[in-house]
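# Summary of the model geometry
Okay, here's what each chain looks like letter by letter:
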Amino acid sequence: DTGEECLPDGPELLDLYFGSLGMTSLHLFQTVTGGMEWRILVDPLIDYISPWMAVVFCLYIVFTSLSLMNIVTGVFVETALTRGREDKDVY
């Protein structure tokens with residue numbers, strides 16, 4: 001059960017998901033963090049704007065995911081280098 005039964009039909013979905021900057025940001029954040037299925041947001045974009053919007057949406061997801069992985073990796077590497085320097089100074 002995805003909760004789609006109670007959603008409006010047609011272009012009203014675009015207004016529901018992308019009607020304001022705040023709601024758009026919230027829904028994009030939910031797709032990246034797993035709070036909302038991509039298909040629910042992509043279907044109205046494909047149906048009422050252009051199929052190319054699915055490509056743009058997927059590029060957003062890929063960019064955001066890779067950026068997050070890069071930040072996490074950077075934190076781990078920086079922590080390891082800092083501890084390595086501290087160990088070198090002790091011995």
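These numbers were taken from a predicted model, which means no experiment stands behind them. (Residues numbered from 1 in each chain as written. Predicted model: local features only at pLDDT ≥ 70, side-chain atom pairs only at ≥ 80, totals over all residues. Heavy atoms only, no water.)

Looking only at helices and strands, the protein features four helices and zero strands. Each helix and strand of the protein, ordered N terminal to C terminal, gives the series α-α-α-α. Its C-alpha radius of gyration of 20 Å places the protein more than 25% over the 12 Å reference for a compact globule of 91 residues. With respect to the principal axes defined by its C-alpha atoms, the protein has extents near 70 × 25 × 25 Å. (Helix = DSSP H or I, 4+ residues; strand = E, 2+ residues; numbered from the N terminus. Rg over C-alpha atoms; globule rule 2.2 N^0.38 Å.)

Our next topic: the nonpolar core. Looking at soluble globular proteins, one finds that nonpolar side chains tend to be buried together. Counting 12 residues, the largest nonpolar core consists of Leu13, Leu14, Tyr17, Leu28, Met36, Ile40, Leu41, Val42, Leu45, Ala54, Phe57 and Ile61. Taken together, the elements giving at least two residues each to this core come down to helix H1 (12-18), helix H3 (38-48) and helix H4 (52-90). Looking at this core element by element, the count peaks at four residues for H3. Dropping the residues within four chain positions of it, Leu28 is found in contact with Phe57 and Tyr60. (Core = buried A, V, L, I, M, F, W, Y, C linked by side-chain atoms within 4.5 Å. Buried < 20%, exposed > 50% of the residue type's maximum accessible area, 1.4 Å probe, protein only. Contact = heavy atoms within 4.5 Å.)

Here we take up the confidence of the model for the protein. For the protein, per-residue confidence averages 87 on the pLDDT scale, and 90% of positions sit at 70 or higher. H1 is the least confidently modelled element of the protein, averaging 88 in pLDDT, while helix H2 (residues 21-33) averages 92, the highest of any element. (pLDDT = per-residue confidence, 0-100.)

Turning our eyes to something else, we now look at the pattern of salt bridges. Evaluation of the coordinates by the stated rule reveals one salt bridge. Here Asp43 and Arg39 are joined by a salt bridge, their closest N and O atoms 3.6 Å apart. Pair noted here: Asp43 and Arg39 are both in helix H3, with a separation of four residues, about one helical turn. The exposure class assigned to Asp43 is partly exposed, which follows from its relative accessible area of 31%. Relative accessible area serves as the criterion here: at 39%, Arg39 is assigned to the partly exposed category. (Salt bridge = Lys/Arg side-chain N within 4 Å of Asp/Glu carboxyl O.)

Among the secondary structure elements, Glu37 is positioned in the loop between H2 and H3. The class for Glu37 is partly exposed, based on a relative accessible area of 39%.

With that settled, consider H2. Its 13 residues place the ends of H2 18 Å apart at the C-alpha level, agreeing with the 18 Å of an ideal helix rising 1.5 Å per residue. Among the residues of H2, Thr24, His27, Leu28 and Thr31 are the ones counted as buried. Buried residues in H2, looked at end-on, bunch into an arc of 100°, giving them a common side. Opposite the buried face of H2, at more than 90 degrees from it, the exposed residues are Phe29 and Thr33. (Expected span 1.5 Å × (residues − 1). Arc of directions from axis to C-beta.)

Within the secondary structure, His27 sits in helix H2. Non-local contacts of His27, meaning those with residues more than four positions away in its chain, are made with Leu16, Tyr17, Met36 and Leu41.

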